[in-house]
Amino acid sequence: MAIEDDVLVVGGGLAGITAAIAGAREGATVRLVSATKSTLRQASGLIDVLGYLPDGTGPVVDPFDAVADLPEGHPYERAGPDALADGLALFDDLAGDHYRGSHTDRNALVPTTGGTVKPTARYPATVEPGLASREEATLLVGFEGTTDFEPSLAATHLDAAGVPFEVRAATVSFPDVTAEDATATRFAHLLDEDPGVRDRLAERVKPHLAGESRVGFPAVLGQEGPESVRTSLAEALGASVFEIPTGPPSVPGLRLENLLHDALADEGVRVEQGNPVVDFDATEDRVETVTVDRVGNRVPYAADQYVLATGGLVGGGVEADREQVSEPVFDCHVPHPADRYEWFEDDAFGEHAFARFGVDVDAQLRPLAADGTTEYENLRAAGAVLGGADFAAEKSGSGVSLATGFAAGRRAATELIHTELRQ
Amino acid sequence: MASSTSVVVIGGGSTGTGIARDLTMRGLDVTLVERGTLTDGTTGRMHGLLHSGGRYAVSDQKSARECIEENRVLRDIASHCVEETGGLFAKLPDDGEDYFEEKLQGCRDCDIPAEVLSGDEARKLEPFLSEDVEKAIYVPDGAVDPFRLCVANAADAQERGARIETHAEVTDLLVEDDEVVGVEVRHESGPGTHTHGTSGTTEELRADYVVNAAGAWTGEIGAMAGLDVEVRPSKGVMTIMNVRQVDTVVNRCRPKGDADIVVPHETTAILGTTDEEVSDPDDYPEEQWEVDLVIDELAKLLPILREARTIRSFWGVRPLYEPPDVASEDPTDITRDFFLLDHAERDGLDGLTTIVGGKFTTYRMMAETVADHVCEKFGVRASCATADVPLPGSDDFDVLRDYMDEFGLRSPIGRRSVQRLGSRADEVLTTDEPNPVVCECEAVTRAELRDAIDDSGSDLNAVRLRTRASMGNCQGGFCCHRMANELAPDYDEPVAREALDDLYQERWKGQRHALWGQQLSQAMLNHALHATTMNRDGDPARTGEAVAFDAFDGGSPDGD
């Protein structure tokens, strides 16, 4: 006999977690299996919804307005008109005070480590004081012995981007670390554990302050208690303190992952990490069971409804060999040009076809076969496994995951209730 | 601007830098001009094979003898650029028995040490070799880093007083009374080390003699003086794997053919190649069939290659030359020999010699031939010493030292750094500052990058060639921006930004030919990091579009 649940979510990123919680809140029993740890820790921790239109226009001020006009086939259009608002409301509820941005429909512009600004809809509270629309003189602080963030270049670049405030830069040595230890997670740990480190850091920054009302650090201000770290530094410096999101390993990404995993536990979702789905059984219309590899043993899992949220090319939800592009779990159809040399553009930031690879879905978010019919009536897809949008260029990845995750999870659970009523 | 020198050498590849070194060692005043970075032409686009000569032992024994001779010299003078891998000529059932015997005999005729291994013995040496391999000939092929070797030649020439100008394109040959008296050069960002965004200048460089060592581009240079140099450029693809499937060079033992060699190179293995004549060495198609062919053909020798990860492909253009009366139809029939064309004898134009043809392994010998010729013109009697005097980095090189503690570097980072730097390790790595790793794939530290930046300015592609930073699995996705950060404080932000854009685009160029499997996943991760996290594509500083900052969210009313 198989392990049985109402809804089985395959994939543990933002879309899978959102689908699982949305389903659980409808009263379904939900299990989430993921092949690896999620890629949330690689991401900046910002929740982008839509920063640029598919034609590159932007930055977009009001993403909700813009989402309504997206072409047919875009994941937002497929998810339906309320899915984004519903998904964000769920996120706001889960994130609570840790995230900001829900007070307005407008995007915020967040400074990046390279000195650009990026439109985003929800941002960690630690990022808020640094928003580029605040006309406050700013000091950027970097740490010796690190390579990702060079504050002098970032400051000049922000100026070139036209920000409405003065920016200066300083580099200090981080207290109590040796050269080999100069990593984001080590800095965060020291700031969490030792109030003395916070004081010593503030002492090193103070001489560089020339009246600036805010001080920006790369995002290392504590993994466990960033608010407490930020408050200590702000008091010692007499200025507000903010974080600039970084690339991997990303401390805000780790915080978000922890927050969402706590939420999964609170909502009663059973989570199994590190167990890939390696096979499935289906009739013509329905997925019956999937086979999960648990430390080399093949274990069948059954559910009434399935959600595919395995990610895109990065997460492994979409794969390619030299001949074709495929979806490896349920072998759903992935539209792509037959000629591999049409998968990319020659410009590194061109409109790459590969950036849009993913499954096509119907208005129920059910993957479509090559002939346009649904692959399986009880399988839905959410997040980056969906095709039809360049999430990176649009800055829409998190929003699409929330909208489609919410819609897929809730529809899976309501479908289930209807099925039960019919029976 | 005008200046003068004794000899102008055109071309910053192995031949040009080799000539510059040789001539300066003989006391001449030399200026070398290169239109791009050093190795930008064919030198930086080869498979990294240090020939034993075995490859030519049947078809071209003169070349084979030169190869084994120079192979021995380079192991000696360029030890920090050479890895003594050994090489195999492996025979598959389809490959002729007669040819195998001819190859073995040819090696022996040319004084190339050759030993026959059974299929099992060969597989013991290289476990991924196909079960179909019947036997193999073991020869002293090696792997060589062309970037390091070329830069070492240039550095030594510079140390001895030569002027080395990169990003300096020859726009004209100066001809007066049937004599070439110099060159006109356009400096992309002015003379000296390269700085992005600095406006260009032109320079008239007068010289007593000019050497055209522009490789596949010698024809274009010759044409500036109305000369016809019949160079026949031929392209070949090389596909880079993300790991070394072999530690020995593996050749297929059959007569000339496409896709018959795998060369271990640093952390990678390079598959090659194809051979197609092209009309323009700057503009030729880079085609899918070539990539697919080298993978599919070489998978017959090494089946693991069929599913292995490739990180990029690149193409090189061989500067083949044959006297016009030979008229070979097929580029694979054109000799790999080199030719010295004295245009005084050939065309009645004094002051100019062209060196063309040849191959990387014999670059030093070619340089010696040219230097002898130029010295004869000048009546200089100094003899060549380049076969005896080690290159910078290869003198007094004790690889057994424990650099880990000495430079505060973690192993194997220390080991990798020292392998790259050779005897220059002390000079480069000794620093009181923190020395973090900037490129994790290739274990390149800040000190090495700063050393390379001192040498080559803001040109991060030149820094890459000197250090290998951004040449590993991630193809720069995780380190291009870190490398650009190292340009501060010596260079301003607009320079760093442009340098980053150039490097990122160059890294993308080769990855386009590896976009499947794990490398496509990596490409998407890079795209996400640079577009999503950093928003480099939507950067207002790049697009030039003013942003209405006050229209955007400035934070929540109760936020701090």
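Since we're looking at a predicted model, the values are computed, not measured. (Residues numbered from 1 in each chain as written. Chains lettered and ligands numbered in written order. Predicted model: local features only at pLDDT ≥ 70, side-chain atom pairs only at ≥ 80, totals over all residues. Heavy atoms only, no water.)

Novice: Which residues make up the overall build of chain B, and what values go with them?
Specialist: A count of helices and strands for chain B gives 18 helices and 22 strands. Here the C-alpha atoms of chain B give a radius of gyration of 24 Å, agreeing with the 24 Å that 2.2 N^0.38 yields for 560 residues. For chain B, the spread of C-alpha atoms along the principal axes amounts to about 85 × 65 × 45 Å. Taken over 560 residues, chain B has a buried fraction of 63%. A sequence separation of at least 24 residues applies to 71% of the contacts in chain B between residues at least 6 apart. Carbon and sulfur atoms make up 45% of the accessible area of chain B, which totals about 20400 Å². (Helix = DSSP H or I, 4+ residues; strand = E, 2+ residues; numbered from the N terminus. Rg over C-alpha atoms; globule rule 2.2 N^0.38 Å. Buried < 20%, exposed > 50% of the residue type's maximum accessible area, 1.4 Å probe, protein only. Contact = heavy atoms within 4.5 Å. Areas by Shrake-Rupley, 256 points an atom, 1.4 Å probe, with all protein chains shown as cover.)

Novice: An account of the sheet that holds strand 8 (residues 142-144) of chain B is needed here, citing residue identities and associated values.
Specialist: Residue and element names in this part refer to chain B. Across the sheet, which stays open at both edges, the three strands sit in the order 3-8-4 with antiparallel pairing between neighbours. Taken across any chain shown, the strands that pair with only one partner, and hence form the sheet edges, are strand 3 (49-50) and strand 4 (82-83). Summarising the sheet, strand 3 and strand 8 pair through two bridges and their orientation is antiparallel. Across the sheet, residue leucine 50 finds its bridge partner in strand 8, namely glycine 142. (Pairing = 2+ DSSP bridges.)

Novice: Outline the environment of A:Arg106, listing residues and values.
Specialist: Checked against the element boundaries, A:Arg106 lands in the loop between strand 3 (99-100) and strand 4 (108-111). Taking the relative accessible area as the measure of exposure, A:Arg106 reaches 33% and is therefore partly exposed. Taking the C-alpha atoms as reference, A:Arg106 lies 34 Å from A:Ala28; in sequence the two are 78 residues apart. In this structure A:Arg106 touches A:Val61, A:Pro63, B:Asp550, B:Ala551, B:Phe552 and B:Asp553, once residues within four positions along its chain are discounted. At 3.4 Å, the side chain of A:Arg106 and the backbone oxygen of B:Phe552 are in polar contact. (Polar contact = N/O pair within 3.5 Å; in protein donor to acceptor, adjacent residues only side chain to side chain.)

Novice: I'd love a proper account of the pattern of salt bridges, names of residues and values included.
Specialist: Residues and elements named next belong to chain A. Taken as a whole and assessed by the stated rule, the structure comprises 83 salt bridges over all chains. Between aspartate 86 and arginine 410 there is a salt bridge, with its nearest N and O atoms 3.5 Å apart. Of this pair, aspartate 86 sits in helix 4 (residues 83-95) while arginine 410 sits in helix 11 (residues 397-422); the two residues are 324 residues apart in sequence, bridging distant segments of the chain. Taking the relative accessible area as the measure of exposure, aspartate 86 reaches 23% and is therefore partly exposed. In this structure arginine 410 comes out as partly exposed when scored by relative accessible area, which is 34%. Salt bridges sharing common partners tie together Asp5, Arg31, Arg270, Glu272 and Arg294. (Salt bridge = Lys/Arg side-chain N within 4 Å of Asp/Glu carboxyl O.)

Novice: Go over the pairing of strand 5 (residues 117-120) of chain A with me, naming the residues and quoting the values.
Specialist: Working note: regular strand, side chains alternate between the two faces of the sheet. All names here are of chain A. Burial of strand 5 is two-sided: the residues Val117 and Pro119 facing one way and the residues Lys118 and Thr120 facing the other way are all buried. Relative to strand 5, strand 4 is paired through four bridges, and the arrangement is antiparallel. Within strand 5, the position partnered with valine 110 by the bridge is lysine 118. Taking the residues that link successive antiparallel strands as the turn, the strand 4-strand 5 hairpin has five residues, and the phi of glycine 115 there is positive, at about 90°.

Novice: An account of the sheet that holds strand 10 (residues 240-244) of chain A is requested, with residue identities and associated values reported.
Specialist: Residues and elements named next belong to chain A. In space, the four strands of this open sheet follow the order 8-7-9-10, with parallel pairing throughout. On the outer flanks of this sheet lie strand 8 (167-172) and strand 10, each paired with one strand and no other. Sheet twist, expressed as the average angle between the axes of neighbouring strands with direction ignored, equals 25°. Summarising the sheet, strand 9 (residues 214-218) and strand 10 pair through five bridges and their orientation is parallel. Bridge pairing links proline 218 to isoleucine 244 in strand 10. (Axes fitted to C-alpha atoms, helices over the stretch in contact; angles between N-to-C directions.)

Novice: Mind laying out the nonpolar core, listing which residues take part and the relevant values?
Specialist: In this structure, A:Val290, A:Phe354, B:Ile10, B:Val183, B:Val210 and B:Met483 are the most contacted members of the largest nonpolar core, which totals 164 residues. No other element matches helix 11 of chain A, which puts nine residues into this core. Not counting chain neighbours up to four residues away, the residues in contact with B:Ile10 comprise B:Val33, B:Val170, B:Leu173, B:Val183, B:Val210, B:Val211, B:Asn212, B:Ala213, B:Ala214 and B:Ile221. One finds A:Ala170, A:Leu191, A:Leu201 and A:Val205 within the second-largest nonpolar core, a separate group that totals 26 residues. (Core = buried A, V, L, I, M, F, W, Y, C linked by side-chain atoms within 4.5 Å.)

Novice: Can you tell me about the domain arrangement of chain B, naming the residues and giving the values?
Specialist: Residue and element names in this part refer to chain B. Domain parsing of chain B yields domain 1 (2-42 + 147-230 + 336-378), domain 2 (82-142 + 234-321) and domain 3 (431-541). Each of domain 1 and domain 3 was reduced to a C-alpha centroid, and the two centroids are 30 Å apart. Listed per partner, the contact involves 11 residues of domain 1 and 15 residues of domain 3. Of the roughly 1100 Å² buried at the junction of domain 1 and domain 3 (both faces included), carbon and sulfur atoms supply 59%. Among the residues of domain 1 in contact with domain 3, Phe147, Thr193 and His196 are the three that bury the most area, contributing 49% of the side total. For the pair domain 1 and domain 3, the interface holds zero salt bridges. Applying the counting criterion to the domain 1 and domain 3 interface returns four residue pairs in polar contact (both at pLDDT 80 or more). Residue composition of the side of domain 1 that touches domain 3, by class: three nonpolar, eight polar and no charged. (Domains from an automatic or database assignment. Buried area = accessible area lost by both parts, 1.4 Å probe. Nonpolar A, V, L, I, M, F, W, Y, C, P; charged D, E, K, R; others polar.)

Novice: Pulling in residues and values, what's your account of the interface of chain A and chain B?
Specialist: Each partner contributes to the interface: chain A provides 73 residues, whereas chain B provides 69 residues. Carbon and sulfur atoms make up 59% of the surface buried where chain A meets chain B, a total of about 5900 Å² over both sides. When residues of chain A are sorted by the area they lose upon contact with chain B, A:Thr147, A:Arg322 and A:Phe349 head the list and together hold 14% of the total. Residue A:Asp346 is joined to B:Arg512 by a salt bridge in which the shortest nitrogen-to-oxygen separation is 2.6 Å. Our enumeration of links across chain A and chain B arrives at 35 residue pairs in polar contact (both at pLDDT 80 or more). If you list the elements that add at least two residues to the side of chain A that touches chain B, you get strand 4, strand 5, helix 5 (151-160) and helix 10 (391-394) of chain A. Per-element tally for the side of chain A that touches chain B: the top contributor is helix 5 of chain A, with five residues. Class assignment for the residues of the side of chain A that touches chain B results in 33 nonpolar, 20 polar and 20 charged.

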